[in-house]
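Structure at a glance
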Amino acid sequence: MKVLKFGGSTLSNTEQIGQVLRYLERTMQSSPGPVLVISAFGGVTDALIRLSHMAAGSDSGYQVHLDMLVKQHMSVIKTYIPGPVQKETASDVEKMLNALKDTIHGVYLVKELSPKTLDFILSFGERLSAAIINGCLKVRNLETEMIDAEDLIITDGQFGFARVHWDSSFRNIRKRLKSPKKIPVIPGCIGSTVQHETTTFGRGGSDYTATLVAAALRAESVEIWTHVDGIHTADPNKVAKAFPIDRLSWDEAMELSHFGTKLIFPAAMIPAAMHDIPIIIRNIGNPDFQGTLIGKTSRYEYPVRGISSVDRIAMLQVQGSGMIGVVGIANRLFGALARNNINVILITQASSEHSICFAVAPEQAQNSKKAIEEEFALEISDGRMDEAAIENDASIVAVVGENMKRTPNIASRMFQALGKNGVNVMAIAQGSSELNISVVISRQDEAKALNALHEAFFLSDTKSLHVFLIGTGLIGSTLLKQMKEQKSTLCSQNALDIRLMGVGDIDRMVFKTEPIDPSGWKKKLHSGKPMDLGIYIDTMLAMNLPNTVFVDCTGSPSTVEHYERILDASVSIVTPNKIANSGPYEQYRILRNKAGQKGVKFLYETNVGAGLPVISTLNDLICAGDRIVKIEAILSGTLSYIFNSFSGQKKFSEIVKEARNRGLSEPDPRDDLNGLDVARKILILSRETGLPLEPEQVQVENILPEPCRKAKSVEAFLDELEKADGQFSKRRDEAAAKDQVLRYIATLENGRASVCLKGVDRSHPFFALSGSDNMIVFTTERYQELPLVIKGPGAGAEVTAAGVFADIIRIANYLS
């Protein structure tokens, strides 16, 4: 014999009820008759609670809600029960509904709702649904019989959370159901006292009814039918990549249910475990799926078995010097809470005995505080203890699994995943059994913590990054193209899933809860909202996704103003934007320190040399203990092209015009020729070596004559530049006479940074430079005779975007 329990989520509407009926019709004719336990139809318990309190509060509007409940139940009868059985079932249901109406009207008249009366009202939810399902099955020629649960299960008088008297209940169940002639249909969650007063077991109590019946009858198994494919590794509503667990031990399931897994009532596992009766969680929408089996043993494919959470709790802290070494403090504390019927969810105590923290439901927080302060009034009045402090808006997240006690580094992996995502842990609890580790965190971080932990324990071979990009110009759009082209390779070969969650440009912005396809970003952005940078940042931070990376592909100072706030929210930043690192030194220092404090990355490899590994190489040298003696660098692709081409065959002005026409220079070439961009880059390299230089401390040679600088237009500038050709030719000839060539060089040496036009001879690496390549030469204590040289394209959308992309991937490697 099996016991089949159908939860409210499988009975929420006529379509789902039809699925249940079709399943029962198919299985009950081909196998020995089961025992059926039926929950209230979906939403009915909540509605009964709501309208009961409305009635107690003299709100006559309760009648509207009551009428809706009547229609909900009668609609099922009309849909699924034709003919004479319909009349019989409707008559039974109407009697129950009239009794319900009379009871609630009585509450309305006396303006009082006791726990005893509320239990009686709530019991109608299960009575009504069981009567209707019984009628539905009868009309399908199935031999069923409605059984009153109050005749079976005897409880104490703790209304709302009644405790079962097992011996008398088991006797009743065996006497009534040992050899039933018809298939029993039992309302769940209901019992009665020895005085025949109706009681309920609390939310999810129908599971308890099912396992009590199964234990009494020594059933083969209990099947709990719901709307999902069993218990998942995490809540699938909060963790998209959660997947069903095929098997759990009793202890694992108990821990998961205690800490928020709502698919099974915690107490329901006790009778099943004591009599070794498996519980199987199954999906009525996918009845062929095996679901989750809960029994003696588990399986150990992963270090943990599941991650669960309680999304709303209040944390209370009791502390004071008067607690240290005093016997009985904990007994008094938790005794006071127990006398006030306050359930404690989690407890943690400092080893110094100076404080005790515990978690309760938010609605019990003030009562808890009152109970504590009454119990310890004397200690608080004379300063030996502080008043109880309440921390609201908190959640508990727990990792659970029997295999944890055989696996080292579980705690390390857990706290590393939380820490790298900026999730602050307020309290920690772990039992000596090592079956779970629970942490209290801010409620707003719950979903992020669940996803980060799920990835760390179940998807450790795959890493997800959530990217928010701003700036879709040449570099940004090229980056998106590269992300699209490389996506499948990164997933298959690098186990890296880069998810584009937000895109913004100067005009519009768009965010999605599901990743944006990099190939369709333009269409999505076009239909987005008007750009507001503050709202863009607010939305990104409010989404609070794990492993978030902000990518700034603008050249805007206004974006940089938000960097500190972004880093402070534990979001990494990748940017080719040089403004943050080439402005005041204090700004550079603050951003680097903030990233370090928050355990995130602030990467800007493309600030110098586009996609060339300049900054990373410099940092590697320093971290490895090398000392930088000198840096010489050609850091402008424009100036590199101009002076590499200035061999005497063409005039200087002609080469500048050619660079402009080929798109190698800015629209106004003076922006390249004034040397300021090169100065910013050598300033950044200087700071990376540890020098606190300010922008004005970089000596810059502006090679343009005064008339060129003051020209009012680009055309006027080019005219003035032609007039200056002789000056440039003279400098070239002077260098050539020494067998040198001219190069515009940035230098860092002896703590000083400079940018100027120099002649270099054949022994220098810059002599043979060609095209628009950049070249950086590091002379260090270890690379003195033969300096370390980096050479390659220092500009261009493809290489710059590739450098940004590489920084994004570095963050993924850091998170691994």
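Details of the structure are given in the entry above.
Here is a short report on the structure shown in this document. Fair warning: this is a prediction, and the values are worked out from it, not measured in the lab.

Glancing now at the overall build of the chain. Within the chain one finds 30 helices and 29 strands. Taking 28 Å as the expected radius of gyration for a compact globule of 816 residues, we find that the chain reaches 36 Å, considerably beyond that expectation. Along the three orthogonal principal directions, the C-alpha set of the chain runs to about 115 × 70 × 50 Å. Taking all 816 residues of the chain together, the buried fraction comes to 53%. Long-range contacts, defined here as pairs at least 24 residues apart, represent 72% of the contacts in the chain between residues at least 6 apart. A total accessible area of about 35700 Å² is found for the chain, and carbon and sulfur atoms account for 49% of it. Charge centroids of the chain, computed over 89 positive and 94 negative side chains, lie 3 Å from each other.

The subject of this paragraph is the packing of helix α2 (residues 44-56) against helix α4 (residues 83-110). Running from amino to carboxyl end, α2 crosses α4 at an angle of 40°, the nearest separation of the two axes being 7 Å. When the axes of α2 and α4 are compared, the pair comes out oblique. The crossing of α2 and α4 is right-handed. In contact with Leu-48, Leu-51, Ser-52, Ala-55 and Ala-56 of α2, α4 contributes Leu-100, Ile-104, Val-107 and Tyr-108. Grouping the amino acids of the contact of α2 with α4 by side-chain chemistry returns eight nonpolar, one polar and no charged.

This paragraph deals with the pattern of salt bridges. For the structure shown, the criterion picks out 48 salt bridges. Among the ionic pairs, Arg-332 bridges to Glu-375, the shortest N-O distance being 3.0 Å. Residue Arg-332 is located in helix α10 (residues 329-339), and its partner Glu-375 is located in helix α11 (residues 365-375); the two are separated by 43 residues in the primary sequence. Owing to a relative accessible area of 27%, Arg-332 belongs among the partly exposed residues under this scheme. Residue Glu-375 is classed as partly exposed on the basis of its relative accessible area of 25%. Ionic pairing is found between Glu-485 and Lys-481, a salt bridge with its closest N-O pair at 3.7 Å. Of this pair, Glu-485 and Lys-481 both sit in helix α15 (residues 474-494), four residues apart, which is roughly one turn of that helix. Residue Lys-481 is classed as partly exposed on the basis of its relative accessible area of 32%.

Right, let's get into the sheet that holds strand β7 (residues 221-226). Strand order in this open sheet of eight strands is β3-β4-β2-β1-β7-β9-β10-β8, and the pairing throughout is mixed. At either margin of the open sheet sits one strand with a lone partner, and together these are β3 (144-146) and β8 (247-249). Averaged over all adjacent pairs, the angle separating strand axes in this sheet is 20°, with direction ignored. Taken together, the five bridges between β7 and strand β9 (residues 279-283) define a ladder with parallel strand orientation. Bridge assignment links Val-222 to a residue of β9, and that residue is Ile-279. Each of β1 (2-6), β2 (35-38), β3, β4 (183-187), β7 and β9 touches helix α1 (residues 14-28); the most contacted strand, β1, lies at about 170° to it. Running over the sheet, helix α5 (residues 115-138) touches β2, β3 and β4 and is turned about 160° from β3.

Its location among the elements puts Asn-547 in the loop between α17 (533-543) and β21 (548-552). For Asn-547, a relative accessible area of 7% corresponds to the buried category. Between the C-alpha atoms of Asn-547 and Met-1, which are 546 residues apart in sequence, the distance is 49 Å. Apart from residues no more than four positions distant in its own chain, Asn-547 is found in contact with Asn-421, Glu-455, Lys-463, Ser-464, Leu-465, His-466 and Leu-815. In terms of polar contacts, Asn-547 uses its side chain to reach the backbone carbonyl oxygen of Ser-464, at 3.0 Å.

Criteria and cut-off values
- Residues numbered from 1 in each chain as written.
- Predicted model: local features only at pLDDT ≥ 70, side-chain atom pairs only at ≥ 80, totals over all residues.
- Heavy atoms only, no water.
- Helix = DSSP H or I, 4+ residues; strand = E, 2+ residues; numbered from the N terminus.
- Rg over C-alpha atoms; globule rule 2.2 N^0.38 Å.
- Buried < 20%, exposed > 50% of the residue type's maximum accessible area, 1.4 Å probe, protein only.
- Contact = heavy atoms within 4.5 Å.
- Areas by Shrake-Rupley, 256 points an atom, 1.4 Å probe, with all protein chains shown as cover.
- Lys, Arg positive; Asp, Glu negative; His and termini not counted.
- Charge placed at Lys NZ, Arg CZ, Asp CG, Glu CD.
- Axes fitted to C-alpha atoms, helices over the stretch in contact; angles between N-to-C directions.
- Parallel < 35°, antiparallel > 145°, perpendicular 65-115°, else oblique.
- Left-handed = near helix turned anticlockwise from the far one by under 90°.
- Nonpolar A, V, L, I, M, F, W, Y, C, P; charged D, E, K, R; others polar.
- Salt bridge = Lys/Arg side-chain N within 4 Å of Asp/Glu carboxyl O.
- Pairing = 2+ DSSP bridges.
- Polar contact = N/O pair within 3.5 Å; in protein donor to acceptor, adjacent residues only side chain to side chain.

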